[in-house]
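Observations on the three-dimensional arrangement
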Protein chains: 2
Amino acid sequence: MNNLHAMINGQLVLEKDAALGINDLSIVRGYGIFDFFKTIESCPVFFQDNLDRFFHSAKIMDLPIPFSRKELTAQIQAIIKINNIPDSGIKLILTGGYSPDAYTIAKPNLIVTQQPLKINHQQQKEGIKLITYDFQRSIPEAKTIDYTMGIKALKSAKEKGADDVVYMSSGVLTECPRANIFIFNKDNELITPAHNVLKGITRKHLLRIGKELFTVKEQIITYQDLEHAKEVFICSTTKDITPVLEIDSIRYGDSPGEHTKALQKAWKEELRKQIQSFTPVS
Amino acid sequence: MNNLHAMINGQLVLEKDAALGINDLSIVRGYGIFDFFKTIESCPVFFQDNLDRFFHSAKIMDLPIPFSRKELTAQIQAIIKINNIPDSGIKLILTGGYSPDAYTIAKPNLIVTQQPLKINHQQQKEGIKLITYDFQRSIPEAKTIDYTMGIKALKSAKEKGADDVVYMSSGVLTECPRANIFIFNKDNELITPAHNVLKGITRKHLLRIGKELFTVKEQIITYQDLEHAKEVFICSTTKDITPVLEIDSIRYGDSPGEHTKALQKAWKEELRKQIQSFTPVS
């Protein structure tokens, strides 16, 4: 796939040639935001939600987006058209720009990339193992590019035979580095942390869909709640609903639970609905 | 200065053409480390200390440096020779590399740049104002490129008429985003935070030199200690010793204090000594 195209500041380029000068604030200071959504059968899924969040993150991080929403949409449509990858992941990155003093925010650089969609179907079917990790993201409400701790923590997870970490701070659970977490408690209520998390788009729509099947709550989840939970799963654009079978030494059974599987089925139907109701802009 | 040279992975390039592909882990995940030292009259000052710390940061962040210490030194010497900027700042950046899945650490990219040295002599002479900011860097012992909070916090400082912030967590002072902090207490002791800070090279040598003039301590500094301090200053490679005249609503006088000025004098002499004792490698 080395003929893939990307977009830099509105200019179409071959992805393999796409580059940023070394003074960009992402390279010198790790400063930028991004967002990510998928296309299924060339339909961008929940794309408007992602654009909303992208503009929201940009505002929090004082990064003026150098294009209107309409222009950004047109760039994404152009990328979808030229690359022609029906099932894909599309990423928007907005960096701090070419800073004259390597610290002050300059005119942001906007990157749009598209890659074939990578879904780990085995993990979605068989479940994963997590470990808790003591950390609280500093600006959780913005989708920044700051994954310093997430990447470093992944090493700890792997060393303990786990697939990833879930952040916990003072005994309160928040989120995984790249996913939100939900539990089913012993009363079969579906619960996800309310505060200090990035509010994922999959999380948002699962809260809506979940209500048709369960009592749904956004509230604090403690380590004790984890110990007493019946089922646990994480969710994201690429993970959809991925069951969690083990956290630290807490086990939730040898295979995904019934509630999680019911929600996976409802989620699949929701994605199908999204695709069927999508009207491409010509 | 658009004929400046930089080095990328051992290759000499014009800085204005130096770039990283958009899949580099610094751009997509803000993942990388750096270090920075100055040359005065073409003498690299405390350069071995900076190399030590660069290798230390790389180790903490699981980034293998693709060159030996000797090779890296040769690259820096080549940059110094071709650019011919006697008073300069030299930056080494090591990123997470071109990650195939935009998350896993790959072969790191190494960048070496040189710029004319920018010292704010007015601030060093007249002092600055800080505000405290509630934050603790997550991996303080490594010099990562993660300045997400530092850059965001600077806006709050400017809005309050201050020059920068100093991080505080649970009433305990740590460091500025780009400098270490020292106080003189009412017993004329020179004190700097011992824990949860990046141990700066200027800090290290000030602790050594300071002993010749004062009782020197590395220990916890609380907000109460700030309120009772006689003098405060911050230090770094570009800030040397910059007096602090005000933190929040605490004032330390209208001009830099006597102890700070005495240390500035000693520091100037130390830098002169370093330059005089430097033997360039041919």
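All values reported here derive from a predicted model rather than from experimental measurement. (Residues numbered from 1 in each chain as written. Chains lettered and ligands numbered in written order. Predicted model: local features only at pLDDT ≥ 70, side-chain atom pairs only at ≥ 80, totals over all residues. Heavy atoms only, no water.)

Quick notes on the overall build of chain A
Along the backbone of chain A there are 8 helices and 17 strands. Scaling as 2.2 N^0.38, a compact globule of 282 residues should have a C-alpha radius of gyration of about 19 Å, and chain A matches this with 19 Å. Seen along its three principal axes, the alpha-carbon backbone of chain A occupies a region of about 55 × 45 × 30 Å. A buried classification covers 60% of the 282 residues belonging to chain A. Nonlocal contacts in chain A, meaning residues at least 24 apart in sequence, comprise 70% of its contacts between residues at least 6 apart. (Helix = DSSP H or I, 4+ residues; strand = E, 2+ residues; numbered from the N terminus. Rg over C-alpha atoms; globule rule 2.2 N^0.38 Å. Buried < 20%, exposed > 50% of the residue type's maximum accessible area, 1.4 Å probe, protein only. Contact = heavy atoms within 4.5 Å.)

Digging into the confidence of the model for chain A
Overall, the prediction assigns chain A a mean pLDDT of 96, with 98% of residues at 70 or greater. Both scores are available for the predicted complex, with the pTM at 0.96 and the ipTM at 0.96. (pLDDT = per-residue confidence, 0-100.)

Section: the relation of the copies chain A and chain B
Mapping chain A onto chain B is achieved by rotating through 180° and translating by 0.0 Å along the same axis, at an RMSD of 0.0 Å. The superposition operator between the copies reduces to a two-fold rotation axis. Among all residues of chain A, the minimum C-alpha distance to the rotation axis is found for A:Gly30, at 2.0 Å. Most of the interface of chain A is mirrored in chain B: 100% of its interface residues are interface residues there too. (Least-squares fit on C-alpha atoms with pLDDT ≥ 70 in both.)

Some details on the domain arrangement of chain A
Residues and elements named next belong to chain A. The domain boundaries assigned to chain A delineate domain 1 (5-116) and domain 2 (121-272). Relative to domain 2, the C-alpha centre of domain 1 lies at a distance of 27 Å. Contacts between the two partners involve 22 residues from domain 1, matched on the other side by 21 residues from domain 2. Approximately 1,700 Å² of surface area, both sides summed, lies buried where domain 1 meets domain 2, with 68% of it carried by carbon and sulfur atoms. If you look at where domain 1 meets domain 2, you find 3 salt bridges. Breaking the side of domain 1 that touches domain 2 down by element, the ones donating at least two residues are strand E4 (32-40) and helix H2 (47-60). (Domains from an automatic or database assignment. Buried area = accessible area lost by both parts, 1.4 Å probe. Salt bridge = Lys/Arg side-chain N within 4 Å of Asp/Glu carboxyl O.)

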